[in-house]
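Secondary and tertiary structure notes
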Amino acid sequence: MSKKTIFFALLVVFSLVISACGGAAVPATDTAPAQGAASSEQPAAQTSSEQPAAESSGQPELAKELSVYNWGDYIDESLLTQYEEKYGVKIIYDTFASNEDLLAKLQAGATGYDVIFPSDYMVAQMIELGMLAEVDKNNIPNLKNIDPFFLNAPYDPNNVHCVPYQWGTTGLAYKVDSGLEPPTSWADLFDPANAQKWQAAGGINVLNDQRELMAAALKYLGYSLNEKDEAKLEEAKNAILAIKPYIKTFNSEDYDDSLLIPGEVALSHSWSGDAAKAYWETYDEASDTSQWGYVIPKEGAMVWQDNICVTATSSKKYTAEHFMNFLLEPEVIAAVSNYTYYANPNLAANQYMDEAILNDPSIYPPKEVMDKLEWAQQLGETIFVYDRLWTEIKSQ
Ligand code: N2P
């Protein structure tokens, strides 16, 4: 399939989606990043730390191993092999399903992780909790490749702790041949009568992510996704419970591969890149159509920035920074986005990115859509209310 064909197909499909959601492709430049169970075993206990500076170079030697904890399905793992082979550092790789899972894992005493990938609001929270190391930017020269719009965000002023990885939005992915009209509103998910229809049409998946699912319900109710008022949060919980009988799966780790692409559900609360991956993996060149579409509901939705950070407990800070710098190499981070279909804040990477991704308004929303998006803020003590509500949602 030529790039031209791909681009054209996108224009047709996504112009439909965009007109459906009332919006109109480039990251907006007027909305500053406001701030910021899946997974398995603990990484192996650290066996080797960095050696003192070698006299000749003045730099410490790279450690033999580096433990990396990332979101599920968020990198082409052959890039990890590439790093291992090039630098002789073994990557111990593990994944998580949500920011809260990442936090819980670290708070439960998992001290073996060196490099982690929290979102904006979670970076702020982790800085406050003293869980992130300060990075030495001299070891991350590729930071110069990042679009200044994504630097110096309020959640980590001057990027003292983290560097930007990828960004995206959270909306609704839908199967186009479900027999139902494409969704345009969060009511397509949260109105129980609609949820029942999507269940009958093939099933519903929601992200197994408390902040994300509550954000969707809050938007449905017309509230900010940073709402802290307990009564309104209870209302959001009740909106989720009202459709729980119609929810087939709570999955945020591998739902693109296990649910969307094989057609195991018809509607999914979804991150933009996972929906775009489902779009392209089910794209049929002959008919120039795909089985999946993605929409930002008219009430608005979350926009987020994920980051690469070093844990405060890491004894391999130099190697972690070296790995971060590797990930920020234009060709490397372009390969990440060409695999994950997420938006990339690395300007120097654009020349290596698939044109179809760069030109995809579901990945880089136009300004009209960006204007409806909201960044998640750190919630302070309200996270304890969230934890209680989430337990109630999951246990009922
Ligand atoms: C991709 C994970 C996206 C991370 N599967 C959302 N912050």
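Cut-off values and rules
Per-chain numbering applies: the sequence of each chain, read as written, is numbered from 1 onward. Where totals are concerned, whole chains, interfaces and linings use all residues; where local detail is concerned, this predicted model gives features only for residues with pLDDT of at least 70, and gives and counts side-chain atom pairs only at 80 or more. In computing side-chain properties, one takes all heavy atoms of the structure into account and sets aside hydrogens as well as water. Buried means the residue's accessible area, taken with a 1.4 Å probe over protein chains only, is under 20% of the maximum for its type, while exposed means over 50%, and partly exposed covers the values in between. Secondary structure elements follow DSSP: runs of H or I no shorter than four residues count as helices, runs of E no shorter than two count as strands, and numbering proceeds from the N terminus. The criterion for a residue being near a molecule or strand is simple. One of its heavy atoms has to lie within 4 Å of it. Any pair of N or O atoms that falls within 3.5 Å is considered a polar contact. Within protein, one atom must be able to donate a hydrogen and the other to accept it, and sequence-neighbouring residues count only if both atoms are side-chain atoms. Using the Shrake-Rupley algorithm and a 1.4 Å probe, accessible areas are obtained, with residue cover drawn only from the displayed protein chains. In this count, Pro and Cys sit with the nonpolar residues alongside Ala, Val, Leu, Ile, Met, Phe, Trp and Tyr, while Asp, Glu, Lys and Arg are called charged and the others, Gly among them, polar. For the purposes of this analysis, a disulfide is any pair of cysteine sulfur atoms at a distance within 2.5 Å. To define axes, lines are fitted to C-alpha atoms, for helices over the stretch in contact only, and angles between the resulting N-to-C directions are given on a 0 to 180 degree scale. Throughout, the term roughly parallel applies to angles under 35 degrees, roughly antiparallel to angles over 145, roughly perpendicular to angles from 65 to 115, and oblique to all others. By convention the crossing between two helices is left-handed if the near helix lies anticlockwise of the far one by an angle smaller than a right angle, and right-handed if it lies clockwise. Throughout, a contact is declared for two residues whenever any of their heavy atoms are within 4.5 Å.

Let's shift gears to helix α4 (residues 120-128). The element α4 is extensively covered by neighbouring structure, given that 7 of its 9 residues are classed as buried. Within the span of α4, buried status applies to Asp120, Tyr121, Met122, Val123, Ala124, Gln125 and Met126. Taken from the residues just after α4, glycine 130 is the one with a positive phi, measuring 70°.

Take the environment of glutamate 355 next. Here glutamate 355 is to be found in helix α13 (residues 355-358). By relative accessible area, which is 39% here, glutamate 355 ends up partly exposed. Placed 17 residues apart in sequence, glutamate 355 and asparagine 338 show a C-alpha to C-alpha distance of 9.6 Å.

Turning to the site of the ligand, a few remarks are in order. Surrounding the ligand, one finds Trp71, Gly72, Asp73, Tyr74, Ser119, Trp271, Asp274, Trp304, Asp306 and Tyr342. Here a nitrogen atom of the ligand sits 3.2 Å away from a polar atom, N or O, in the side chain of aspartate 274. Residue aspartate 306 places a side-chain N or O atom 2.8 Å away from a nitrogen atom belonging to the ligand. A total of 270 Å² of accessible area belongs to the ligand in isolation, and the protein chains cover 98% of it. Considering only residue class, the shell around the ligand consists of 5 nonpolar, 2 polar and 3 charged.

With that out of the way, let us pick up the state of the cysteines. The final tally for this structure, using the stated rule, is 1 disulfide. Bridging cysteine 162 to cysteine 309, the disulfide has an S-S length of 2.2 Å. Between cysteine 162 and cysteine 309, the S-S torsion sits near 110°, and that sign places the bridge as right-handed. Taken together, the residues cysteine 162 in strand β4 (residues 162-175) and cysteine 309 in strand β9 (residues 301-310) connect sequence positions 147 residues apart. On the basis of relative accessible area, cysteine 309 is assigned to the buried category, the value being 0%.

Moving on: the packing of helix α8 (residues 230-243) against helix α15 (residues 382-395). Interhelical geometry of α8 versus α15 gives an angle of 25° and a closest axis separation of 10 Å. As the angle between them shows, α8 and α15 are arranged roughly parallel. Once α8 is placed against α15, the crossing between them reads as right-handed. Facing Glu230, Leu233, Glu234, Lys237, Ile240 and Leu241 of α8, the residues of α15 in contact are Thr382, Val385, Tyr386, Arg388, Leu389, Glu392 and Ile393. Classifying every residue of the contact of α8 with α15 by side-chain character gives 7 nonpolar, 1 polar and 5 charged.

This part takes up the packing of helix α7 (residues 210-220) against α8. Relative to each other, α7 and α8 sit at 100°, their axes nearing to 9 Å. Of the possible angle classes, the one that applies to α7 and α8 is roughly perpendicular. Contacts between α7 and α8 involve Leu213, Met214, Ala217, Leu218 and Tyr220 from the former and Lys232, Leu233, Ala236, Lys237, Ala239 and Ile240 from the latter. The residue makeup of the contact of α7 with α8, split by class, is 9 nonpolar, no polar and 2 charged.

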